[in-house]
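Examining the three-dimensional arrangement
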Amino acid sequence: MKKNENTPSIADMLKGKKVPILVLDQRWHKLYPEGTKPDFVCALEKKVSELLKEQGKLVNEIKDLKKAKKKLMDAIVSGMNGSNEKKKDKQQKLLLETKERIEQNSDRVMELPYEIQQANVELLVAGITYCYDELKNRMKELEDLTEDINAQREELKQKVAYRVELEESVDATYSLMHDLLGREVMNLFDRQKRKE
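Report on the accompanying structure. The residue numbers shown here count from 1 along each chain, following its written sequence. Since the coordinates come from a predicted model, pLDDT governs what is reported: local features require at least 70, and pairs of side-chain atoms require 80 or more to be given and counted, while whole-chain, interface and lining totals use all residues. With hydrogens and water excluded, all non-hydrogen atoms of the structure serve as input to the side-chain values.

Considering the pattern of salt bridges
For this analysis, a salt bridge means a side-chain nitrogen from Lys or Arg found within 4 Å of a carboxyl oxygen belonging to Asp or Glu. Tallied over the entire structure, the rule returns 11 salt bridges. In this structure, the salt-bridge partner of K47 is E122, at a minimum N-O distance of 3.3 Å. Of this pair, K47 sits in helix 3 (residues 39-78) while E122 is found in helix 4 (residues 85-181), placing the two residues 75 residues apart along the sequence. The class of E122 is partly exposed, set by a relative accessible area of 36%. As a salt-bridge pair, E155 and K159 come within 3.3 Å of each other at their nearest N and O atoms. Of the two residues, E155 and K159 both sit in helix 4, four residues apart, roughly one turn of that helix. Per-residue accessibility, obtained with a 1.4 Å probe over protein chains only, is compared with the maximum for each type, and a residue is labelled buried under 20%, exposed over 50%, and partly exposed between these values. Residue K159 is classed as exposed on the basis of its relative accessible area of 52%. Put simply, E54, R108, E111 and E115 are held in one network by salt bridges that share partners. Here a strand is any run of E in DSSP of at least two residues, a helix any run of H or I of at least four, and the numbering for each starts at the N terminus.

Structure below.
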């Protein structure tokens, strides 16, 4: 089936919607029973996880850098009256480097939510498309199996009806032969036929 050009993509339909971070959501992992997650889904999950790790690392690094910056500023302020210019220059240079790193890390932390969201939506679209295709395949298999079971039930009903018919025929024939020949002759006949 050809996709209509006016039909929005799944990613477009997800814009503005709150999509949970899939790698952190147990419902997502339950969609894939043990060992059934395709490689491309694993690769996309890894991408999201790495972005989340980077975000966490940068947030912690920024906290540490801000603490270091505060200590440097306190040291500079307390040493303002001192005469060690070399030490002051070194502290000021370190302070500038720390501010720069905080700024760079902060800029990156600001970019990451968008990248995480994009990677998460990419994962969602790829994963749900795969799951939906698998669901359609299993539904078709279920339909085929149901048809097969129904056909076998019908065949079994016919065989049961035929068996009942045969049993009745055997009983009726034996009863007629018994009535016609009598019990003694029928017993002799039964013994003779058992030996054969």
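Some thoughts on the environment of E184
Mapped onto the elements of the fold, E184 is located in helix 5 (residues 183-195). We classify E184 as exposed; its relative accessible area is 66%. For E184 and E155, which are 29 residues apart along the polypeptide, the C-alpha to C-alpha distance reads 41 Å.

With respect to the packing of helix 4 against helix 5
In this analysis an axis means a line fitted to C-alpha atoms, helices contributing only their contacting stretch, and an angle means the value between N-to-C directions, from 0 to 180 degrees. Orientation of helix 4 relative to helix 5, taken along the N-to-C sense of each, is 125°, at an axis distance of 6 Å. Judged on the interaxial angle alone, helix 5 and helix 4 are oblique. Residue-level contacts link Y174, M177, H178 and L181 of helix 4 to R183, V185, M186 and D190 of helix 5. Side-chain classes are defined by residue name, with Ala, Val, Leu, Ile, Met, Phe, Trp, Tyr, Cys and Pro counting as nonpolar, Asp, Glu, Lys and Arg as charged, and the others, Gly among them, as polar. Residue classes in the contact of helix 4 with helix 5 are distributed as five nonpolar, one polar and two charged. When an angle is under 35 degrees it counts as roughly parallel; over 145 it counts as roughly antiparallel; between 65 and 115 it counts as roughly perpendicular; any other value is oblique. Contacts are assigned to residue pairs with any non-hydrogen atoms lying within 4.5 Å of each other.

Concerning helix 3
Between its first and last C-alpha, helix 3 extends 58 Å over 40 residues, near the 58 Å set by a 1.5 Å rise per residue. Within the sequence span of helix 3, burial applies to V41, L44, E45, V48, L51, L58, I62, L65, L72 and I76. Working rule for helices: expected span equals 1.5 Å times residues minus one.

What to know about the packing of aromatic side chains
A pair of Phe, Tyr and Trp rings is counted when the ring centres sit within 6.5 Å of each other, with Trp represented by its six-membered ring. The angle between the planes then sorts it: under 30 degrees is stacked, over 60 is edge-to-face, the rest tilted. By the definition in use, this model includes three aromatic pairs. Geometrically, the ring pair formed by W28 and Y32 is edge-to-face, given 5.4 Å between the ring centres and 65° between the ring planes. Side by side, W28 and Y32 carry an identical accessibility label, which is buried. Each ring, one from Y32 and one from Y130, has its centre 6.3 Å from the other, and the planes form 20°; the classification is stacked. Within this pair, whereas Y32 is found in the loop between helix 2 (26-30) and helix 3, its partner Y130 is found in helix 4, the two being separated by 98 residues in sequence. Since its relative accessible area comes to 6%, Y32 is described here as buried. Three or more aromatic residues link up through ring pairs in this structure, and these residues are W28, Y32, F40 and Y130.

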